[in-house]
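Take a look at the letters that make up each chain.
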Amino acid sequence: MLRRQIQRGVCVVAKSVTPERIKRNGVLFDWQLSEQDMASFATLNVGWRHLLFPEAAVHPDYLCRGELPHAFVVPKGWAVPSSGTSG
């Protein structure tokens, strides 16, 4: 799953305390999933995200806007931040 996210341009953070797993995570850049594999993974999207950061989801530059849960609603009182630098 980490390799899929990398190919999609999503920043990933691998968490492990197991030395062997840490080593395996280090070779994620030495290979790629085929287009067929990527398409197969895409069929697994059932309209939810494992981790949803609502505060980030309202940002105009949020990368996964098209993948928010279908029932996601921005809570009242949340300001949508502007894109770019302030000042």
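As the structure is a computational prediction, the values presented were derived from the model and not from experiment.

Basis of the calculations
- Residues numbered from 1 in each chain as written.
- Predicted model: local features only at pLDDT ≥ 70, side-chain atom pairs only at ≥ 80, totals over all residues.
- Heavy atoms only, no water.
- Helix = DSSP H or I, 4+ residues; strand = E, 2+ residues; numbered from the N terminus.
- Buried < 20%, exposed > 50% of the residue type's maximum accessible area, 1.4 Å probe, protein only.
- Areas by Shrake-Rupley, 256 points an atom, 1.4 Å probe, with all protein chains shown as cover.
- Contact = heavy atoms within 4.5 Å.
- Polar contact = N/O pair within 3.5 Å; in protein donor to acceptor, adjacent residues only side chain to side chain.

### Things to note about the overall build of the chain
Okay, so step 1: A count of helical and extended segments in the chain gives four helices and zero strands.
Okay, so step 2: Ordered by position from the N terminus, the helices and strands of the chain form the series α-α-α-α.
Okay, so step 3: Counting across all 87 residues of the chain, residues that qualify as buried make up 20%.
Okay, so step 4: For the chain, the exposed area adds up to about 7,100 Å²; of that, 59% sits on carbon and sulfur atoms.

### A look at the environment of R4
Okay, so step 1: Assignment of secondary structure puts R4 in helix 1 (residues 2-7).
Okay, so step 2: Spatially, the C-alpha atoms of R4 and F41 are 8.0 Å apart, while their sequence positions differ by 37 residues.
Okay, so step 3: The residues contacting R4, other than those within four sequence positions of it, are L33, M38, F41 and A42.
Okay, so step 4: Within polar-contact distance, the side chain of R4 engages the side chain of Q5 at 3.4 Å.

### Some remarks on the environment of W31
Okay, so step 1: Here W31 shows up in the loop between helix 2 (19-25) and helix 3 (35-42).
Okay, so step 2: Classification of W31 by relative accessible area gives partly exposed; the value is 38%.
Okay, so step 3: It is 8.5 Å that separates the C-alpha atoms of W31 and R3, two residues lying 28 residues apart in sequence.
Okay, so step 4: Of note is the side chain of W31, whose polar atom sits 3.2 Å from the backbone oxygen of V27.

Geometric descriptors of this kind do not, in isolation, establish any biological role.
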